[in-house]
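Reading the structure
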Amino acid sequence: VQLQASGGGLVQAGGSLRLSCAASGRSFSNYVMGWFRQAPGKEREFVAGISWRGGSTYYADSVKGRFTISRDNAKNTVYLQMNSLKPEDTAVYYCAADTRPYTMVVATTPKVFGSWGQGTQVTVSS
């Protein structure tokens, strides 16, 4: 599956952004989707994941209560609504698709995800 992320930008602390990730290729609706981020000098880290039907969501502790992941399988799109943004949320955000169709486990490790978007920069100023 090919992924195209968008929606990043510059926002003040406390503000909001919504990231989108449009998918094409193999059947998007059969796969767990995730959002990861990578700040300069740091490893890529899990942010949020959603099951292939959308009924289960998982979040990193650092974003829980502030970020919401969702998906629209009819539009082949996954979203990340980010509220109450903090300077430490500054990073390049990547969407990714699990390689395993119909898996019941939402993975949090990057190596499980075989398809990656190009990334979109999110910068939060203090």
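Let me sum up the structure you'll find in this document.

Rules and cut-offs
Residues numbered from 1 in each chain as written. Predicted model: local features only at pLDDT ≥ 70, side-chain atom pairs only at ≥ 80, totals over all residues. Heavy atoms only, no water. Disulfide = S-S within 2.5 Å. Helix = DSSP H or I, 4+ residues; strand = E, 2+ residues; numbered from the N terminus. Buried < 20%, exposed > 50% of the residue type's maximum accessible area, 1.4 Å probe, protein only. Polar contact = N/O pair within 3.5 Å; in protein donor to acceptor, adjacent residues only side chain to side chain. Contact = heavy atoms within 4.5 Å.

**What to know about the state of the cysteines**
In total, this model carries one disulfide according to the counting rule given. Between the sulfur atoms of cysteine 21 and its disulfide mate cysteine 95 the distance is 2.1 Å. Of note, the bridge from cysteine 21 to cysteine 95 carries an S-S torsion of about 65 degrees and is right-handed in sense. In this pair, cysteine 21 is assigned in strand S3 (residues 17-24) and cysteine 95 in strand S9 (residues 91-101), connecting sequence segments 74 residues apart. Taken individually, cysteine 21 and cysteine 95 each receive the classification buried, so the pair is uniform in this respect.

**Thoughts on the side chain of threonine 103**
Positionally, threonine 103 belongs in the loop between S9 and strand S10 (113-116). Within the structure, the side chain of threonine 103 is placed 3.3 Å from the backbone nitrogen of valine 105, a separation counted as a polar contact. Non-local contacts of threonine 103, meaning those with residues more than four positions away in its chain, are made with Val32, Trp52 and Asp98.

**Section: the side chain of serine 51**
Tracing the sequence through the fold places serine 51 in the loop between strand S5 (45-50) and strand S6 (57-59). The exposure class of serine 51 is buried, given its relative accessible area of 12%. Within polar-contact distance, the side chain of serine 51 engages the backbone nitrogen of glycine 55 at 3.1 Å. With sequence-adjacent residues up to four places away left out, serine 51 is seen in contact with Val32, Ser56, Arg71 and Val106.

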